[in-house]
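Breakdown of the fold
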Amino acid sequence: MDAPVTPVPPGIPESSTVSLKPAAPAPRPLPWNDPRTRSITFQVLTAAFLVWFFWTLFDNTLTNMAHRGIATGFDFLDRTAGFGILMSLIPYDDTMTYGRTFVVGLLNTLLVSVLGIVFSTLIGFAVGIARLSRNWLVSRIALVYIETIRNIPLLLQIFFWYFAVLRTLPGPRQSLSLGEAAFLNNRGLYVPAPLAEPGFDWVGLAFVGALIGAIGLARWARRRQQATGQPFPTLATGLGLVIGLPLLVFLALGAPLGFETPALRGFNFQGGLRLIPELVALTLALSLYTATFIAEVVRGGILAVSHGQTEAASALGLRPGLTLRLIVLPQAMRVIIPPLTSQYLNLIKNSSLATAIGYPDLVAVFMGTSLNQTGQAVEIVGMTMAVYLFISLAISLGMNWYNSAMALKER
Amino acid sequence: MAVFEAKPALPPPVLTRGPVGWARQNLLSSPLNVGLTLVGVVLIVALVVPAVDWALLNATFRGTTADACTGTGACWPFVTTRLDFFVYGFYPPPERWRVNVLFALLALVIVPQLLPRFPGRRALAVFGFLGLPVLAAVLLLGGIAGLPFVETGKWGGLMLTLVLAMVGILAALPVGVVLALGRRSKMVVVRVSCTTFIEFWRGVPLISVLFMASVMLPLFLPEGVNFDKLLRALIGIIMFQSAYMAEVVRGGLQAIPRGQFEAAHALGLGYWRTMGLIILPQALKLVIPGIVNTFIALFKDTTLVLIIGLLDVLGSVQAAIVDPAWNRVAVEGYVFAGLCYWVFCFGMSRYSHALERKLQTGHKR
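Residues numbered from 1 in each chain as written. Chains lettered and ligands numbered in written order. Predicted model: local features only at pLDDT ≥ 70, side-chain atom pairs only at ≥ 80, totals over all residues. Heavy atoms only, no water.

Defined as follows: UniProt positions are given in the numbering used here, feature names are shortened, and annotations may be inferred rather than shown by experiment.
Chain B appears in an unreviewed UniProt entry as Amino acid ABC transporter permease from Pararhodospirillum oryzae. The heading Sequence similarities (unreviewed entry) in the UniProt record of chain B holds the text "Belongs to the binding-protein-dependent transport system permease family. HisMQ subfamily."

Okay, here's the thing in structure tokens:
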């Protein structure tokens, strides 16, 4: 086929081309007006200032430490600490090293953080949903709770629970009994301690097996639904498997789990698990305080899902439960997760307020007592800050990864 | 021909209007809601009634010693007899008028900001940002113009809390803006150093920052140079909060569309004028709620200075409740301190809500 011939308008020679003059090179600006020169100069100046600043700090610190006779280096970690610690998750006594005090403090920090995260999430989600309730009274109560607790400093709340509530409780003989199993007095909260009897390992094994089975089931169900469109009640079956199988094994083995209940002998309680009042106060204050922020995050997340989404779901014939689970929650979680993570981070950092009431966390044990005894401020403050920095950076890296996986993929 | 005459409409059924209708709709719409309402009522009765009993009905209000408190309720004389201590700390009594003048000036600057039509509101705000801090330093420290010098070690109570919060707020915002601009800069050295600074301070707890300020700062400085304890705490608080402020401001900067930058460049504006005249006014307006939230966090965080030995409101209450002359007054003390903080923080959050609504111009369809 012939290519169509474009008619050339009369008056223009067929072979006319436009010849462009080569662009004249822009006149070089004066050096102090050239953005590149300015940028480089400024950066060199900044770098020089930073180097000078840190070098001065370093130099001053070395001089000062030499004058005050402070040792440097990390040798102190192997020296005997020689002080007792109120509570420890691993065996510890005062003949152990400063390195060990670091681990004890770190574990105590992690313990109170995990407890706080669990309880604040539970309370926070409940209050956040209550805040959106159509029931006027319920949403008002949630509002009053949030606005009261959120606007009072956390340290004050920790003091309140510790000095005004737990420390003024009656002694062991007049303990408050919670169903004759747990007891609350000024020495702490005594709860029954679970005692595994022989054969309990099988229950744990069954739990792990059920978990693996449930994950496999979920994968199979998803593949089948993608291939055939047939849904499978994954959630109910999986839950039934994870709870039911260990329970069945547990009962079949004749319930191999005993509870050691605390009992009053003489002047104090024996047996059971004792939670020191410092831990109880800190957990209470941290959970109640952080829960108010989590509640606001949850409320914001649910409100962020536009009403059109719900309407579209009902137009497709989804029932309210399915709408919530398949449409609203996944979109709300995308909004909720990032601020929720930063609330968890705040909680972990706030747990360092433990030192104010003497709960032996990392800051109290290591940056408090160990620092006072060794005087090696730079190493100890550095190590403590490094722990918190590591936790923060690890969690924010994880969150960035999650964020990029969950972000809306447009075009 | 019959004319159709509409009869007046019947009123809505009795059960759907008035308080009854409201209650049926908002409290009793379903069995679940009835249950929730009951739980709520029980909760209120169980908490509010004893609290009112304790704080008002059975409380003692008059008297000057612990013996006056005979009832089963709160012992408010504990607070009233020590009110001066809770407000001024150890500030010498003959000089306390200076603190009162400062309080009055603060009120003079802040109250008009809540009344949009107050004449000279802007001028007062500028004075609050630029003139008041200098005036406050002169007034509180003294040592010039015939005012006796009062060392910062004697400051305490509500006055110390307000000084910490005010200086922190005034310093953290500009530092935070500069850090946020630095983090978004094209210059590698500037960007990396600002990012490191921000992530470092955001990653550690404030208490370790204060420890560092009180234990390590003396080591960092040349020999013979030493800072006042209050100043060290302030430096710690400002470093810490400006990093949070920077992240809030960065959120606002990121929300400004590229066209705004390009339009500013097309008009021939340089970097500083682009930022100062075009970008920052829009960005800061967008993040007002975040900025105020940072201020509220800062206000609450000032309580931590008691750990390094400064007596703010909470610190002075804490020091007072261990007095053996009074027993079991911890709750009264904490309620008083909590009320002090709550009033300021709640006030700020309400103000930010109002401001947000007022500034919402043109973005709503």
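1. What to know about helix 8 (residues 188-203) of chain B
Rule in force here: Starting at the N terminus, helices and strands are each numbered in turn, a helix being any DSSP run of H or I of at least four residues and a strand any DSSP run of E of at least two. Here the expected length of a helix is defined as 1.5 Å per residue gap, with one fewer gap than residues. Residue burial is assigned from relative accessible area. The probe radius is 1.4 Å, only protein chains are included, and a residue is buried under 20% of its type maximum, exposed over 50%, and partly exposed in between. By definition in these notes, contact holds between two residues if any of their heavy atoms fall within 4.5 Å.
Across its 16 residues, helix 8 of chain B extends 22 Å between first and last C-alpha, which sits within 8% of the 22 Å expected from 1.5 Å per residue. Residues of helix 8 of chain B that are buried include every one of B:Val190, B:Cys194, B:Ile198, B:Trp201 and B:Gly203, and no others. Of the surrounding secondary structure, the elements contacted by the buried residues of helix 8 of chain B are helix 1 (35-68), helix 9 (320-350) and helix 11 (377-406) of chain A together with helix 7 (157-183), helix 9 (206-215) and helix 11 (229-255) of chain B.

2. So, the UniProt feature "transmembrane region" (unreviewed entry) in chain B
Residues and elements named next belong to chain B. Using the residue numbers shown here, the UniProt feature "transmembrane region" (unreviewed entry) corresponds to residues 34-56, 97-115, 127-149, 155-182, 203-221, 274-298, 304-322 and 329-349. Along residues 127-149 one finds 65% helix and 0% strand; the C-alpha atoms at either end are 25 Å apart. Secondary structure across residues 155-182 comprises 93% helix and 0% strand; the distance between its end C-alpha atoms is 36 Å.

3. Details of helix 7 of chain B
For an α-helix, the turn length of 3.6 residues means that residues three or four places apart are oriented alike. Residues and elements named next belong to chain B. Note the threshold: Throughout, bend refers to the angle between the axes fitted to the seven residues that end at a position and the seven residues that start at it.
Relative to the 39 Å expected for 27 residues at 1.5 Å per residue, helix 7 spans 37 Å between its end C-alpha atoms, a close match to the ideal helical length. The largest bend in helix 7 amounts to roughly 25° and is located at alanine 172, with the proline proline 174 lying one to four residues further along. Of all 27 residues in helix 7, 21 are buried, a share of seventy percent or more.

4. Focus: the interface of chain B and chain A
Spelled out, the test is: Summed over both partners, buried area is the accessible surface (1.4 Å probe) that two parts give up on being assembled. The working definition used for a salt bridge is a side-chain nitrogen of Lys or Arg within 4 Å of a carboxyl oxygen of Asp or Glu. Under this definition, polar contacts are N or O atom pairs within 3.5 Å; protein pairs additionally need one hydrogen-donor-capable and one acceptor-capable atom, and for neighbouring residues in sequence, both atoms have to be side-chain atoms. Residues are grouped as follows: Ala, Val, Leu, Ile, Met, Phe, Trp, Tyr, Cys and Pro are nonpolar; Asp, Glu, Lys and Arg are charged; all remaining types, including Gly, are polar.
Taken residue by residue, the interface counts 55 residues in chain B and 52 residues in chain A. Interface area for chain B against chain A, summed over the two sides, is near 4500 Å², with a carbon-plus-sulfur share of 73%. Counting the surface chain B buries against chain A, the share from its top three residues, B:Leu219, B:Lys300 and B:Tyr334, is 14%. Our enumeration of links across chain B and chain A arrives at 1 salt bridge. Notably, a salt bridge pairs A:Glu147 with B:Arg350, separated by 3.7 Å at the nearest N-O pair. At the boundary of chain B and chain A, one finds 11 residue pairs in polar contact (both at pLDDT 80 or more). Contributing elements (two or more residues each) for the side of chain B that touches chain A: helix 1 (18-26), helix 2 (31-57), helix 8, helix 9, helix 10 (217-220), helix 14 (288-301), helix 15 (313-321) and helix 16 (330-359) of chain B. Here the element with the most residues in the side of chain B that touches chain A is helix 16 of chain B; it accounts for 11 residues. Across the side of chain B that touches chain A, the residue classes break down as 38 nonpolar, 11 polar and 6 charged.

5. Points about the environment of B:Ala123
Its location among the elements puts B:Ala123 in helix 6 (residues 121-141). Distance from B:Ala123 to B:Val109, taken between C-alpha atoms, is 9.3 Å for residues 14 residues apart in sequence.

6. Here's the deal with the environment of B:Leu158
All names here are of chain B. Relative to the helices and strands, leucine 158 resides in helix 7. For the pair leucine 158 and valine 48, spaced 110 residues apart in sequence, the C-alpha to C-alpha distance is 28 Å. When near neighbours in sequence (up to four residues on either side) are disregarded, leucine 158 contacts Phe86, Val87, Val313 and Phe344.

7. Concerning the nonpolar core
We count it as follows: To qualify as a nonpolar core, a set must consist of buried Ala, Val, Leu, Ile, Met, Phe, Trp, Tyr and Cys residues joined through side-chain atoms within 4.5 Å. Domain ranges listed in this record stem from an automatic or a database domain assignment.
Counting residues in each nonpolar core, the largest one holds 154 residues, and the members touching the most others are B:Trp155, B:Leu314 and B:Tyr334. In terms of residue count, helix 7 of chain B provides more of this core than any other element does, 14 residues in total. Both domains that meet at this core, namely domain 1 (85-150) and domain 2 (158-256 + 288-305 + 314-359) of chain B, each give it at least three residues. Once residues lying within four places of it in the same chain are set aside, the contact partners of B:Trp155 are B:Tyr88, B:Tyr91, B:Leu140, B:Leu141, B:Val150, B:Leu160, B:Val163, B:Leu230 and B:Leu311. A:Val297, A:Val305, A:Ala332 and A:Tyr344 belong to the second largest nonpolar core, which has 9 residues in total.

8. Here we look at the pattern of salt bridges
Applying the stated criterion across every chain yields a total of 8 salt bridges over all chains. Between A:Glu296 and A:Arg299 there is a salt bridge; the shortest N-O distance is 3.6 Å. Taken as a pair, A:Glu296 and A:Arg299 lie in helix 7 (residues 277-304) at a separation of 3 residues, close to a single helical turn. Classification of A:Arg299 as partly exposed rests on a relative accessible area of 23%. Shared partners join several salt bridges into a network, and the residues in it are B:Arg183, B:Glu199, B:Glu247 and B:Arg250.

9. Quick notes on the UniProt feature "domain: ABC transmembrane type-1" (unreviewed entry) in chain B
Feature annotation in UniProt places "domain: ABC transmembrane type-1" (unreviewed entry) on residues 158-347 of chain B, given in this structure's numbering. Taken end to end, residues 158-347 of chain B is 78% helix and 0% strand, and its two terminal C-alpha atoms sit 16 Å from one another.

10. Looking at the domain arrangement of chain B
All names here are of chain B. What the domain assignment lists for chain B is domain 1 (85-150) and domain 2 (158-256 + 288-305 + 314-359). When each unit is reduced to the centre of its C-alpha atoms, the spacing between domain 1 and domain 2 is 20 Å. Every contact between the two is made by 16 residues of domain 1 and, on the other side, 12 residues of domain 2. Here domain 1 packs against domain 2, burying approximately 1300 Å² in sum over the two surfaces, 83% of which is carbon and sulfur. Across the contact surface, domain 1 and domain 2 share 0 salt bridges. Joining domain 1 to domain 2, the criterion identifies 3 residue pairs in polar contact (both at pLDDT 80 or more). Of all the secondary structure elements, the ones that give two or more residues to the side of domain 1 that touches domain 2 are helix 4 (83-88), helix 5 (96-114) and helix 6. Ranked by residue count, the leading element in the side of domain 1 that touches domain 2 is helix 6, at 6 residues.

11. A short note on the pairing of strand 2 (residues 182-185) of chain A
Taken residue by residue, a regular strand's side chains alternate between the two faces of the sheet. Residue and element names in this part refer to chain A. Applied cut-off: DSSP bridges decide pairing: two strands pair if at least two such bridges lie between them.
A two-sided burial pattern is seen for strand 2, the buried positions comprising Ala182 and Leu184 on one face and Phe183 and Asn185 on the other. Direction of pairing for strand 1 (residues 176-178) relative to strand 2: antiparallel, over a ladder of 3 bridges. Bridge pairing links leucine 176 to leucine 184 in strand 2. Connecting strand 1 to the next strand, strand 2, in antiparallel fashion are 3 residues, including glycine 179 with a positive phi near 65°. The pairing of strand 2 with strand 3 (residues 188-191) spans 3 bridges and is antiparallel. In the strand pairing of strand 3, leucine 184 is matched with leucine 189. If you look at the hairpin formed by strand 2 and strand 3, you'll find 2 residues sitting between the two strands.

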